[in-house]
There are 4 protein chains.
Amino acid sequence: MSDSDEGAGRAAQSKRADARRNKETLLDAAAAVFVTSGVEAPVRDIAAKAGVGLGTIYRHFPTRADLIIAVYRHQVDACAEAGPALLATSATPHAALGQWINLFVDFLVTKHGLAAVLQSDNAGFDTLHAYFLDRLVPVCTQLLEAAAAAGEIRSDTDAYELMRGVGNLCIGADSDPRYDARRLVELLIAGLRRPH
Amino acid sequence: MSDSDEGAGRAAQSKRADARRNKETLLDAAAAVFVTSGVEAPVRDIAAKAGVGLGTIYRHFPTRADLIIAVYRHQVDACAEAGPALLATSATPHAALGQWINLFVDFLVTKHGLAAVLQSDNAGFDTLHAYFLDRLVPVCTQLLEAAAAAGEIRSDTDAYELMRGVGNLCIGADSDPRYDARRLVELLIAGLRRPH
Amino acid sequence: MSDSDEGAGRAAQSKRADARRNKETLLDAAAAVFVTSGVEAPVRDIAAKAGVGLGTIYRHFPTRADLIIAVYRHQVDACAEAGPALLATSATPHAALGQWINLFVDFLVTKHGLAAVLQSDNAGFDTLHAYFLDRLVPVCTQLLEAAAAAGEIRSDTDAYELMRGVGNLCIGADSDPRYDARRLVELLIAGLRRPH
Amino acid sequence: MSDSDEGAGRAAQSKRADARRNKETLLDAAAAVFVTSGVEAPVRDIAAKAGVGLGTIYRHFPTRADLIIAVYRHQVDACAEAGPALLATSATPHAALGQWINLFVDFLVTKHGLAAVLQSDNAGFDTLHAYFLDRLVPVCTQLLEAAAAAGEIRSDTDAYELMRGVGNLCIGADSDPRYDARRLVELLIAGLRRPH
DNA sequence: GATGAATGAGTCTTCATTCAT
DNA sequence: AATGAATGAAGACTCATTCAT
């Protein structure tokens with residue numbers, strides 16, 4: 001249904017509105033369940049939390065990846081958009097990189113199970129994988145190149161690899177008080193520095 | 001049972017020998033299945049691969065953790081033992097640390113799913129967790145302290161955390177040609193260096 | 001959901017009707033299987049008999065105790081309700097007690113394995129246990145007290161114990177033509193009489 | 001091997017002695033395990049307790065019923081033999097019956113799970129069933145007839161049925177403090193009394 | 001569009017029993 | 001005779017996904 005339908009009857013309109021509201025409810029519920037049970041929580045739990053039927057979830061989000069993407073899209077986008085801004089305002093490109101990575105880590109660390117799923121080779125998560133990569137790798141590349149151009153870091157680092165590494169370091173970071181992903185990521189970023 | 005039983009217990013001993021051989025077969029089969037299907041492969045698959053019954057696996061390895069430990073024990077032990085040796089032969093403690101970590105990474109990277117399971121908070125894997133930690137953390141601590149004492153690295157790094165981080169970086173390292181865990185771990189270790 | 005939903009929820013309602021019918025089918029099937037294989041028959045057998053999937057049983061009756069209770073609820077309730085009625089219509093309270101117990105025995109004797117399960121200390125049957133007790137012990141207590149008040153029986157008999165005893169006497173009563181639980185229970189009830 | 005072998009070599013003799021000792025060990029172990037885990041305890045547990053192999057148990061006692069019979073034979077025999085004695089020494093036949101039944105109850109109540117197995121229609125327990133019946137029913141019949149002859153009880157009571165009833169009342173008598181099998185059996189026996 | 005009932009594949013785990021050594 | 005390793009049948013339970021209403 002395209003926007004040109006707008007003029008259609010009140011019923012259709014309200015149905016669209018209902019559906020939209022429904023979708024939103026679903027996203028809120030999913031987000032809440034993800035927090036407590038992780039992103040691999042049973043579909044039924046999410047449906048129950050949202051107060052909708054199972055079919056409704058499958059209609060709106062055919063795969064789990066679709067649902068996860070929808071839940072975190074805003075945050076991922078915000079993170080992506082923060083990259084250039086940080087580059088503009090930070091003292092050095094390397095500092096910008098560090099801050100941007102911190103943003104990503106902060107996001108990831110609080111998403112129970114997301115980091116794990118992000119590296120899963122399960123085909124069902126391909127689109128999720130792709131989404132994160134499409135959105136964040138270019139930004140990371142930009143920051144990396146700026147830092148390399150400034151001579152702060154080596155120029156042989158691949159953004160994809162770095163993002164994957166950072167993602168991996170975030171796995172299981174909640175649930176283990178002796179493990180601080182942020183600290184390790186800091187080491188990783190520090191390790192990028194060009195040796196004097 | 002000492003060797004002096006040899007005369008009396010020929011039969012028993014040969015049975016023992018058979019069982020031992022069987023256990024080895026099992027270990028080989030498990031290792032093979034772990035490579036292709038990961039360390040969480042169905043017990044039945046492993047039994048099939050080994051050509052034994054289900055019960056035989058449960059007899060030798062009551063829990064999956066037991067099986068995993070048995071499969072990798074030699075390699076983990078070898079890794080643990082290599083630590084002090086490297087310290088003695090390397091140019092600097094930091095170099096020894098790097099080489100030792102590389103050993104660990106080489107081991108882990110080839111074990112499909114092991115790194116993932118190593119951070120799982122599933123209670124069934126507690127003993128597995130403990131085994132790796134008991135074996136490797138002390139060695140890592142030793143190397144870390146030596147490097148700190150030599151003034152090469154900061155002295156605030158926790159061996160447990162570092163091992164977890166390295167383990168995490170190894171997750172999914174096979175199966176993705178664009179991701180090289182070794183390179184990232186190198187960055188991490190480089191990041192430990194004391195800032196001048 | 002009230003009846004005023006009728007207009008809006010025709011579909012939902014007919015689905016509910018289907019499910020209810022299905023549940024009934026399930027109950028019938030379970031009852032039938034219980035007769036032939038006892039109340040501990042494999043879940044799969046019941047599903048097969050009912051022509052439904054395994055999951056359907058678990059949906060309607062999460063535990064075996066739930067299923068057993070559902071199958072026999074009507075009869076247990078009927079038995080419980082018969083108590084006061086018998087008290088009102090029988091010649092004496094002791095006669096009422098005897099007749100009521102007979103009702104219970106008639107019920108139990110035909111339920112292959114139920115009596116056995118009723119005394120099992122298996123935790124899974126706790127709710128089953130509780131249901132029978134909650135439903136029948138108070139009635140039995142009432143009858144016992146009436147008979148005691150009438151001076152027909154001793155007043156030191158515990159209803160719980162008596163019910164358990166009667167239940168036990170019913171174990172294996174089918175399948176053995178030489179064993180008549182009714183006769184023995186009669187002796188037991190006769191034994192309650194106050195000695196002159 | 002008949003007693004005429006007695007003159008055979010020391011080796012054979014000592015082997016016989018060993019086997020006998022072994023069997024005794026086994027019976028002790030079985031008795032102990034039966035106490036803690038019931039008469040349906042895993043064969044392996046008994047073997048472990050006895051410190052012998054599984055095969056040894058199966059050699060001596062091909063079926064579980066054989067083992068149970070062997071373990072309790074002495075006590076069952078003693079009970080059987082006590083019948084006539086009690087008849088001779090008690091005040092009345094009915095009193096003798098009561099005391100004899102008490103003996104049986106005392107025996108049964110302390111044998112975790114035995115009463116349950118005694119009524120099981122599982123074919124594997126047929127010989128066990130038969131043994132108890134063969135041994136005890138005649139005694140019970142004798143007592144019953146004596147009491148009937150003395151005019152103390154009705155003459156229409158079947159010993160087999162009574163024994164089964166008493167056995168049933170003993171099921172689950174341990175493990176439930178609110179249930180006293182002895183008290184109920186007393187009621188049952190009291191119920192036998194001829195109505196005045 | 002929404003619902004949620006139904007399905008059933010997939011896994012784990014226990015134990016009685018056999019039989020080669 | 002004794003041993004105990006090996007077997008595999010049996011049964012429970014979960015959850016993603018489909019589809020009739």
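The rules we used
- Residues numbered from 1 in each chain as written.
- Chains lettered and ligands numbered in written order.
- Predicted model: local features only at pLDDT ≥ 70, side-chain atom pairs only at ≥ 80, totals over all residues.
- Heavy atoms only, no water.
- Salt bridge = Lys/Arg side-chain N within 4 Å of Asp/Glu carboxyl O.
- Buried < 20%, exposed > 50% of the residue type's maximum accessible area, 1.4 Å probe, protein only.
- Helix = DSSP H or I, 4+ residues; strand = E, 2+ residues; numbered from the N terminus.
- Phe/Tyr/Trp six-rings, centres within 6.5 Å; stacked < 30°, edge-to-face > 60°.
- Contact = heavy atoms within 4.5 Å.
- Core = buried A, V, L, I, M, F, W, Y, C linked by side-chain atoms within 4.5 Å.
- Buried area = accessible area lost by both parts, 1.4 Å probe.
- Polar contact = N/O pair within 3.5 Å; in protein donor to acceptor, adjacent residues only side chain to side chain.
- UniProt positions renumbered as here; feature names shortened; annotations may be inferred.
- Domains from an automatic or database assignment.

Asker: Summarise the pattern of salt bridges; cite the residues concerned and give the values.
Answerer: Under the criterion given, the structure shown has 24 salt bridges over all chains. For Arg154(A), the salt bridge identified is with Asp156(A), shortest N-O distance 3.5 Å. You can call Arg154(A) partly exposed: its relative accessible area is 33%. Among the ionic pairs, Arg135(B) bridges to Glu81(B), the shortest N-O distance being 3.7 Å. Highlighted residues: Arg135(B) in helix α7 (residues 126-149) and Glu81(B) in helix α4 (residues 64-89), separated in sequence by 54 residues. Classification of Arg135(B) by relative accessible area gives partly exposed; the value is 27%. The network of salt bridges with shared partners includes Asp77(A), Glu81(A) and Arg135(A).

Asker: How would you sum up the packing of aromatic side chains? Please name residues and give values.
Answerer: Residue and element names in this part refer to chain A. According to the stated counting rule, one finds 20 aromatic pairs over all chains in the structure shown. Here the aromatic rings of tyrosine 131 and phenylalanine 132 are separated by 6.0 Å at their centres, their planes lie at 85°, and the arrangement is edge-to-face. Its relative accessible area of 12% is what places tyrosine 131 among the buried residues. According to the relative accessible area criterion, phenylalanine 132 is buried, its value standing at 3%. Joined through ring pairs, the aromatic side chains of Phe34, Tyr72, Phe104, Phe107, Tyr131 and Phe132 make up one cluster.

Asker: An account of the arrangement of the chains is needed here, citing residue identities and associated values.
Answerer: Structurally, chain B and chain C remain out of contact, their C-alpha atoms never closer than 21 Å. When C-alpha atoms are compared, chain A and chain D, though not in contact, are closest at a spacing of 38 Å.

Asker: Please give an account of the nonpolar core that cites residues and values.
Answerer: In this structure, Trp100(A), Leu114(A), Trp100(B) and Leu114(B) are the most contacted members of the largest nonpolar core, which totals 138 residues. Residues contacting Leu114(A), with those up to four places away along its chain left out, are Val39(A), Ile68(A), Tyr72(A), Phe107(A), Leu108(A), Leu128(A) and Phe132(A). Counting residues in hydrophobic clusters, the runner-up holds 137 residues, among them Leu169(C), Ala30(D), Leu162(D) and Leu169(D).

Asker: Account for the interface of chain A and chain B, naming residues and giving values.
Answerer: Every contact between the two is made by 27 residues of chain A and, on the other side, 27 residues of chain B. Here chain A and chain B share an interface that buries about 2,400 Å² over both sides, 56% of which is from carbon and sulfur atoms. The interface formed by chain A and chain B includes four salt bridges. A salt bridge links Glu161(B) to Arg183(A); the nearest nitrogen and oxygen atoms lie 2.9 Å apart. Where chain A touches chain B, the interface holds 15 residue pairs in polar contact (both at pLDDT 80 or more).

Asker: Report on the UniProt feature "domain: HTH tetR-type" (unreviewed entry) in chain A, specifying residues and quantitative values.
Answerer: Residues annotated in UniProt with the feature "domain: HTH tetR-type" (unreviewed entry) correspond here to residues 20-79 of chain A. Span residues 20-79 of chain A is 82% helix and 0% strand, its end C-alpha atoms 25 Å apart.

Asker: Account for the domain arrangement of chain A, with residues named and values stated.
Answerer: Residues and elements named next belong to chain A. As far as domains go, chain A holds domain 1 (1-62) and domain 2 (64-196). Here domain 1 and domain 2 have C-alpha centroids that lie 29 Å from each other. Listed as interface residues are 14 residues of domain 1 and, on the opposing side, twelve residues of domain 2. It is Phe34, Val39 and Phe61 in domain 1 that bury the most area against domain 2; as a group they hold 46% of the surface buried on that side. If you look at where domain 1 meets domain 2, you find three residue pairs in polar contact (both at pLDDT 80 or more). The set of elements that each furnish at least two residues to the side of domain 1 that touches domain 2 consists of α1 (10-37) and α2 (43-50).

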